[in-house]
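Chains, contacts and geometry: an overview
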Amino acid sequence: MAVVPLQLSYSASPARAVCANVAARVPLKTVGRISTNAICSKEWFLFRDLRLRLQITSKAAASEASPLQVEHLVKKAREHRLQHLEEQALWVLREIVNSYQTPAFPCALIAGDVVILDLLSKLDYLKNGRVKVIFIDTFHLFPESYTFLDLMERRYGFKSHVFHAADVKDKKEYVSKFGSDLFITDIDKYDRICKVEPFSRSLDTLKVDAMINGRRRDHGAERAHLEVVEDGARAKVQPLAYWEFRDVWDYLEKNGVPYHPLHDQGYPSVGDVQSTLPVPKDQWFEYGGERSGRFQGLKNKDGSDKTECGIHVGGPQ
Ligand SMILES: Nc1ncnc2c1ncn2[C@@H]1O[C@H](COP(=O)(O)OS(=O)(=O)O)[C@@H](OP(=O)(O)O)[C@H]1O
């Protein structure tokens, strides 16, 4: 620990020697003012008997807070931040529900989506059906996603509207019609059949006029300038646009909200089995870290790395 010079004041001259000793020996991180009206001794070992009071008096002192105070300040600042973000997200959702006829939330069940479910539930929009929840069964999801959906439906008292590829009854029929490796042989066709078309159809079928989603600015460059609402024939609503991934986890922890079991197996985001990989935990909270395990090794037609499935980029507006 660094020895920091102290600004001293003293009321009696014998204290001078003690104070000099204090300045020389006390390993304080804080710049402060020591005043004493006690009887002083020249001997250092008697120093502990003096009634010394440490007063933080200068701006310098304030900026050199002890490690404990710094931790406390950061914790408090994060609490205030989360409180503000939550109020703002609730306000956005309320405004949307008051302004649109049929808002809906396509939910992929990842951490941010679960925050939105919890916020919608706080406003009672799930139980009273004011906001419909859409779930796209791509036929390529992790088994845990189905059980987690069931858990969330029971917890919040809603039933999601499930959509999947058109003109097939189930995965078996899908495989017999398109094969089991369409996502390798023709990724664009796979996206169209299993994601974009069912997604688009779900919005049309339910006559959705405002689509709530969990996109955030810190997801990556494509989303860096997102606002909480984008206008259009169908409004896009991003109540968590200004949140960071850390805020999402702070919220889940603070509110005791269950989250997708695959997060505990190292997956920061969860989509299809073939396009989702675990990511080392220390990368989760870097810019773009949440989605860094998505679409790994997959390329767009133009050869660029795939970062979106097309639902929100060039997908239904
Ligand atoms: N299974 C499922 N059901 C309903 N809605 C879903 C589903 N998967 C993705 N989405 C919606 O698509 C948004 C983008 O998700 P992704 O880019 O992760 O794509 S995908 O998972 O590969 O489809 C995603 O945005 P978020 O709300 O940020 O998750 C949802 O709006």
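Everything below is about the structure shown above.
The rules behind each value
Every residue gets a number counted from 1 within its own chain, in the order that chain's sequence is written. The predicted origin of the model limits local features to residues at a pLDDT of at least 70 and limits the giving and counting of side-chain atom pairs to 80 or more, whereas totals for whole chains, interfaces and linings rest on all residues. Note: side-chain values were computed over all heavy atoms of the structure, leaving out hydrogens and water. The near set for a molecule or strand comprises every residue that places at least one heavy atom within 4 Å of it. By the criterion applied in these results, polar contacts are pairs of N or O atoms within 3.5 Å in which, for protein atoms, one can donate a hydrogen and the other can accept it, and in which residues neighboring in sequence qualify only through two side-chain atoms. Surface exposure here means Shrake-Rupley accessible area, sampled with a 1.4 Å probe, where a residue is shielded only by the protein chains that are shown. Secondary structure is summarised from DSSP: a helix means a run of H or I of at least four residues, a strand means a run of E of at least two, and numbering begins at the N terminus for each. Burial status follows relative accessibility: with a 1.4 Å probe on protein chains alone, a residue under 20% of its type maximum counts as buried, one over 50% as exposed, and anything between as partly exposed. Here, the term right-handed applies to a crossover whose path from the first strand over the helix to the second runs clockwise when the strands point away from the viewer. At least two bridges found by DSSP between two strands are what make those strands a pair. Every residue pair with non-hydrogen atoms within 4.5 Å of one another is taken to be in contact. Nonpolar core, defined: a set of buried Ala, Val, Leu, Ile, Met, Phe, Trp, Tyr and Cys residues in which side-chain atoms within 4.5 Å join the residues together. To get an axis, a line is fitted to the C-alpha atoms, and for a helix only the part in contact is used. The angle between two axes follows their N-to-C directions and goes from 0 to 180 degrees. Orientation is classified from the angle alone, with under 35 degrees giving roughly parallel, over 145 giving roughly antiparallel, 65 to 115 giving roughly perpendicular, and any other angle giving oblique. Each helix crossing is assigned a hand: it is left-handed if the near helix lies turned anticlockwise from the far helix by less than a right angle, otherwise right-handed if that turn is clockwise. Throughout this description, the term salt bridge denotes a Lys or Arg side-chain nitrogen within 4 Å of a carboxyl oxygen of Asp or Glu.

**What to know about the site of the ligand**
Surveying the vicinity of the ligand reveals 20 residues, the closest of which are Asp113, Ile136, Lys195, Gly214 and Arg294. For the ligand, an oxygen atom lies 3.0 Å from a polar atom in the side chain of Arg291. Contact distances for the ligand include 2.8 Å between an oxygen atom and a side-chain N or O atom of Arg294. For the ligand, the accessible surface in isolation is 580 Å², of which the surrounding protein chains cover 97%. The leading source of residues in the shell around the ligand is strand E5 (residues 132–136), at three residues.

**Regarding unusual backbone geometry**
For residues that are not glycine, phi is negative in most cases, and the peptide bond is trans in most cases. Within the chain, Leu109 stands out as a residue other than glycine whose phi angle is a positive 70 degrees. By relative accessible area, Leu109 is classed as buried at 0%. Look at Asp167: it is not a glycine, yet its phi comes out positive at around 65 degrees. Tracing the chain through its elements places Asp167 in the loop between strand E6 (161–163) and helix H6 (171–178). In this structure Asp167 comes out as exposed when scored by relative accessible area, which is 68%.

**Considerations on the pairing of E5**
Extensive coverage of E5 is indicated by the burial of four of its five residues. Remark: the strand E4 (residues 103–106)/helix H4 (residues 111–122)/E5 crossover connection has right-handed handedness. As judged from the three bridges shared by E5 and E6, these two strands associate in the parallel manner. Residue pairing in the sheet places Phe135 in a bridge with Val162 of E6. In this region the chain leaves E5, passes through helix H5 (residues 143–156) and returns to the parallel neighbour E6; the handedness of that crossover is right-handed.

**With respect to the environment of Ala210**
Summarising the element assignment, Ala210 is placed in strand E7 (residues 210–212). A residue is classified by how much of its surface remains accessible, and Ala210, at 0% relative accessible area, is buried. For Ala210 and Gln101, which are 109 residues apart along the polypeptide, the C-alpha to C-alpha distance reads 8.2 Å. Apart from the residues lying within four places of it in its own chain, the contact partners of Ala210 are Ile96, Tyr100, Thr102, Pro103, Ala104, Arg234, Ala235 and Val237.

**Here's the deal with the nonpolar core**
Leu117, Leu120, Trp243 and Leu252 are the most contacted members of the largest nonpolar core, which totals 47 residues. Of all the secondary-structure elements, those providing two or more residues to this core are helix H3 (67–99), H4, E5, H5, E7, strand E9 (235–237) and helix H9 (245–255). In terms of residues, this core owes the most to one element, H3, which gives eight residues. Residue contacts for Trp243: discarding those within four places in its chain leaves Arg81, Leu82, Leu85, Glu86, Ala89, Val115, Arg216, Asp218, Val248 and Tyr251.

**Let's talk about the sheet that holds E9**
Ordered in space as E6-E5-E4-E7-E9-E8, the six strands form an open sheet in which the pairing is mixed. In the strand order of this sheet, the two ends are held by E6 and strand E8 (229–230), each with one partner. In this sheet, E9 lies alongside E7 in parallel orientation, the contact comprising three bridges. Looking across to E9, one finds that Ala210 is bridged to Ala235. H4 contacts E4, E5 and E7 of the sheet and is inclined by roughly 145 degrees relative to E4. Its contacts with the sheet put helix H8 (residues 187–205) on E4, E5, E6 and E7, and the angle it makes with E5 is roughly 160 degrees.

**Description of the packing of H3 against H4**
Relative to each other, H3 and H4 sit at 65 degrees, their axes nearing to 10 Å. With respect to each other, H3 and H4 are oriented roughly perpendicular. Our pair here, H3 against H4, has a crossing hand that is right-handed. For the pair H3 and H4, the contacting residues are Glu86, Ala89, Leu90 and Leu93 in the first and Leu119, Leu120 and Lys122 in the second.

**Quick notes on the environment of Leu262**
Mapped onto the fold, Leu262 is located in the loop between H9 and helix H10 (281–284). For the pair formed by Leu262 and Phe142, sequence separation is 120 residues and the distance between their alpha carbons is 8.9 Å. Leu262 has contacts with Phe142, Glu144, Tyr267 and Val270, leaving out every residue within four places of it along the chain.

**Notes on the pattern of salt bridges**
Scanning all chains against the criterion turns up 17 salt bridges. Notably, a salt bridge pairs Lys76 with Glu79, separated by 3.3 Å at the nearest N-O pair. Of this pair, Lys76 and Glu79 both sit in helix H3, separated by three residues, roughly a single helical turn. For Lys76, a relative accessible area of 34% translates into the label partly exposed. The partner of Arg216 in a salt bridge is Glu290, with the nearest N and O atoms 2.7 Å apart. Residue Arg216 is located in the loop between E7 and E8, and its partner Glu290 is located in the segment after H10; the two are separated by 74 residues in the primary sequence. Neither residue differs from the other here; Arg216 and Glu290 are each classed as buried.

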